[in-house]
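Observations on the three-dimensional arrangement
Listed below are the residues making up each chain.
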Amino acid sequence: VLLVSSKIMSINELSIAVITSSPVQGERLPALWSSWLARAQERCGGVVVVSDIAVKCTRMTSMCIPTVKCACEASHWGLPCKTACAFEESFRNAPLAKWHIRVMDDTVVDIDAL
């Protein structure tokens, strides 16, 4: 539960957009999934991953989160483009969320503390 200006906010009012890129997403997304992203998908109002290539769900893994391919460079220079895409997709994916945050694929979010 978050306290926002003396009003209690529920975690399901939060949408999280994760930005990654093709050179590292195969390594980083499974680590994020096992450390905090799976719990975020269960508890938050929305979770989406944005990358320069699509991430597909497979039956070989339990990891399945909405992913979006953005026409952005897989580099530091593509970050502003992916950030804009991340927020657009976050609003589309979770239109009722009151809070939308963007994190990078090297960020850990303590979902249990929210």
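Going by the structure above, here's the rest.
Here goes a summary of the coordinates provided. All values derive from a computational prediction rather than experimental measurement.

**Re the pairing of strand β3 (residues 14-19)**
Within β3, six of the six residues are buried, which leaves it mostly tucked inside the rest of the structure. Where burial is concerned, the two faces of β3 agree: the one with L14, I16 and V18 and the one with S15, A17 and I19 are both buried. Traced from β3 through helix α1 (residues 22-43) to strand β4 (residues 46-51), the parallel crossover comes out right-handed.

**What to know about the layout of surface pockets**
In this structure, the largest pocket spans a volume of roughly 150 Å³. Along its surface, the largest pocket is lined by 13 residues, and T20, S21, S75, K82 and M104 are the ones closest to its centre. Sorting the residues of the lining of the largest pocket by element identifies α1 and α2 (79-93) as the ones contributing at least two each. Each residue belonging to the lining of the largest pocket can be placed in one class, and the counts come to five nonpolar, four polar and four charged.

**So, the sheet that holds β3**
To summarise the sheet geometry, strands pair through backbone hydrogen bonds and adopt either a parallel or an antiparallel arrangement. Spatially, the four strands line up as an open sheet ordered β5-β4-β3-β6, and their pairing is parallel. The open sheet has two edge strands, β5 (67-69) and β6 (99-104), and neither has a second partner. Taking each pair of neighbouring strands and ignoring which way they run, the sheet shows an average axis angle of 25°. Of the strands in this sheet, β3, β4 and β6 touch α1, which is tilted by about 175° from β4.

Definitions and cut-offs
- In this convention, every chain numbers its residues from 1, walking through the sequence in written order.
- Only residues with pLDDT of at least 70 get local features here, since the model is predicted, and only at 80 or more are side-chain atom pairs given and counted; chain-wide, interface and lining totals rely on the full set of residues.
- Computation of side-chain values: all heavy atoms of the structure, hydrogens and water removed.
- Under the scheme applied here, a residue whose accessible area is under 20% of the maximum for its type counts as buried, over 50% as exposed, and between as partly exposed, the area being computed with a 1.4 Å probe on protein chains only.
- Going along the chain from the N terminus, every DSSP run of H or I of four or more residues is numbered as a helix, and every run of E of two or more is numbered as a strand.
- Seen with its strands pointing away from the viewer, a crossover is right-handed when the path leading from the first strand over the helix to the second is clockwise.
- Cavity means a closed set of points on a 1 Å grid over the protein atoms alone, one where a 1.4 Å probe fits but cannot get out, pocket means an open set with protein on both sides within 12 Å along at least 5 of 7 lines, and lining means a residue has an atom within 4 Å of a point.
- Grid points are joined across faces, edges and corners, and a volume is the space filled by probe spheres set on the points.
- Residues are grouped as follows: Ala, Val, Leu, Ile, Met, Phe, Trp, Tyr, Cys and Pro are nonpolar; Asp, Glu, Lys and Arg are charged; every other residue, Gly included, is polar.
- Should DSSP find at least two bridges between two strands, the strands are taken to pair.
- Axis definition: a line fit to C-alpha positions, over the contact stretch in the case of helices; interaxial angles, taken between N-to-C directions, run 0 to 180 degrees.
- Any two residues whose heavy atoms approach within 4.5 Å are treated as being in contact.

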